[in-house]
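The primary structure of each chain is shown beneath.
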Amino acid sequence: MTATIAQPELDEQPKPRIPADGHHRDVNGGWLRPAVFGAMDGLVSNFALMTGVVGGAVSSSTVVLTGLAGLAAGACSMAAGEYTSVASQRELVEAEIEAERLELSRNPHGELAELTQLYVSRGVEPELAREVARQLSTDPDQTLEIHAREELGVDPHDLPSPLVAAGSSFLCFALGALLPLLPYLLGATSLVPALVLSLLGLFLCGAVVARVTARSWWFSGVRQLLLGAVAAGVTYLLGALIGGHVG
Ligand SMILES: [Zn+2]
């Protein structure tokens with residue numbers, strides 16, 4: 001059968017923000033989202049830390065030392081936190097997959113009924129659902145994969161690695177934290193170059209994040225810039241207030 005398909009009137013449609021290849025944007029953000037947020041974390045925290053000690057009117061060498069310590073401490077803390085978080089999540093999922101494997105070998109009929117019921121709940125006719133479940137359950141490895149996907153929402157062959165997560169968190173945070181430090185390492189003696197570079201970096205991070213949200217890039221960029229500026233302003237004031245009373 002042939003049918004003429006009416007051409008959609010493209011001009012009347014609002015332009016969808018979906019790539020030309022027809023695929024959706026990665027709603028989980030893939031690697032880009034955590035990378036940018038990690039860098040932003042490093043940038044904001046080290047920028048604020050450094051403006052805090054500058055507010056306390058310390059020497060440039062103390063600012064550099066503070067920035068380096070802030071970078072190392074923050075990156076290690078982020079890596080350790082990420083490692084623990086991903087490792088414990090992975091252990092939990094692995095234990096659940098193991099429980100499912102055991103259940104599949106102990107009670108294959110019950111598990112087949114469970115899978116059948118799942119397809120029925122999605123609108124497949126009971127007869128057909130039973131047949132689909134039966135045919136999908138012939139290979140034990142594939143059966144486990146299907147149950148893991150349907151019941152736990154994970155692919156047992158593609159669980160996240162704690163080491164990779166820790167390493168990338170470390171790198172991203174360190175990169176962000178390096179930005180306000182860079183002018184000082186290159187010999188700057190005032191906060192101004194670090195300030196300009198950091199605010200620029202914040203705007204850029206915000207604009208990149210807009211790629212994975214639906215916000216406009218300039219809105220997201222300006223919002224990030226303002227948030228970072230407020231954080232740095234607060235620590236600068238604290239540094240200025242307390243600086244005279246310590247040391
Ligand atoms: Zn199951």
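Please read these numbers as outputs of a predicted model, since none were measured by experiment.

Here the focus is a nonpolar patch on the surface. Where nonpolar side chains cluster on the molecular surface, the patch consists of Leu-68, Leu-178, Leu-182, Leu-185 and Leu-186 and spans about 440 Å² of accessible area. Of all the elements, helix H6 (residues 162-185) adds the most residues to the nonpolar patch, at 3 residues. One can find Leu-182 in helix H6.

For the rest of this paragraph, the subject is H6. Every α-helix carries 3.6 residues per turn, so stepping three or four residues along brings you back to the same face. Given a rise of 1.5 Å per residue, 24 residues ought to cover 34 Å, and the 32 Å separating the end C-alpha atoms of H6 matches this to within 8%. The axis of H6 is deflected most strongly, by about 50°, at Leu-179, and proline Pro-180 appears within four residues downstream. For H6, the side-chain oxygen to backbone nitrogen distance between the N-cap and Leu-163 is 3.3 Å, and the N-cap itself is Ser-161. Once H6 finishes, Gly-187 follows within two positions and takes phi at roughly 110°, a positive value.

For side chains bearing opposite charge, pairing can occur when the charged atoms are close. Using the criterion set out here, one finds 7 salt bridges in the structure. The shortest N-O distance in the salt bridge between Glu-98 and Arg-101 comes to 3.3 Å. Residue Glu-98 and its partner Arg-101 are both found in helix H2 (residues 60-106); the two are separated by 3 residues, about one turn of the helix. Accessibility expressed as a relative area gives 41% for Glu-98, which makes it partly exposed. Relative accessible area serves as the criterion here: at 41%, Arg-101 is assigned to the partly exposed category.

Below, the discussion takes up the packing of helix H3 (residues 108-121) against helix H5 (residues 140-152). Axis separation between H3 and H5 bottoms out at 12 Å; the angle between their running directions is 50°. It follows that H3 is oblique to H5 by the angle criterion. Once H3 is placed against H5, the crossing between them reads as left-handed. Between H3 and H5, the contacting residues are Glu-111, Glu-114, Leu-115, Leu-118 and Tyr-119 on the first element and Ile-146, His-147, Glu-150 and Glu-151 on the second. Residues of the contact of H3 with H5, tallied by class, amount to 4 nonpolar, 1 polar and 4 charged.

Cut-offs and rules
- Residues numbered from 1 in each chain as written.
- Predicted model: local features only at pLDDT ≥ 70, side-chain atom pairs only at ≥ 80, totals over all residues.
- Heavy atoms only, no water.
- Patch = residues over 30% accessible without salt bridge, like charges linked within 9 Å, V, L, I, M, F, W, Y side chains within 5 Å.
- Areas by Shrake-Rupley, 256 points an atom, 1.4 Å probe, with all protein chains shown as cover.
- Salt bridge = Lys/Arg side-chain N within 4 Å of Asp/Glu carboxyl O.
- Helix = DSSP H or I, 4+ residues; strand = E, 2+ residues; numbered from the N terminus.
- Expected span 1.5 Å × (residues − 1).
- Bend = angle between axes of the 7 residues up to and from the residue.
- Polar contact = N/O pair within 3.5 Å; in protein donor to acceptor, adjacent residues only side chain to side chain.
- Buried < 20%, exposed > 50% of the residue type's maximum accessible area, 1.4 Å probe, protein only.
- Axes fitted to C-alpha atoms, helices over the stretch in contact; angles between N-to-C directions.
- Parallel < 35°, antiparallel > 145°, perpendicular 65-115°, else oblique.
- Left-handed = near helix turned anticlockwise from the far one by under 90°.
- Contact = heavy atoms within 4.5 Å.
- Nonpolar A, V, L, I, M, F, W, Y, C, P; charged D, E, K, R; others polar.

Nothing here speaks to function; it is geometry throughout.
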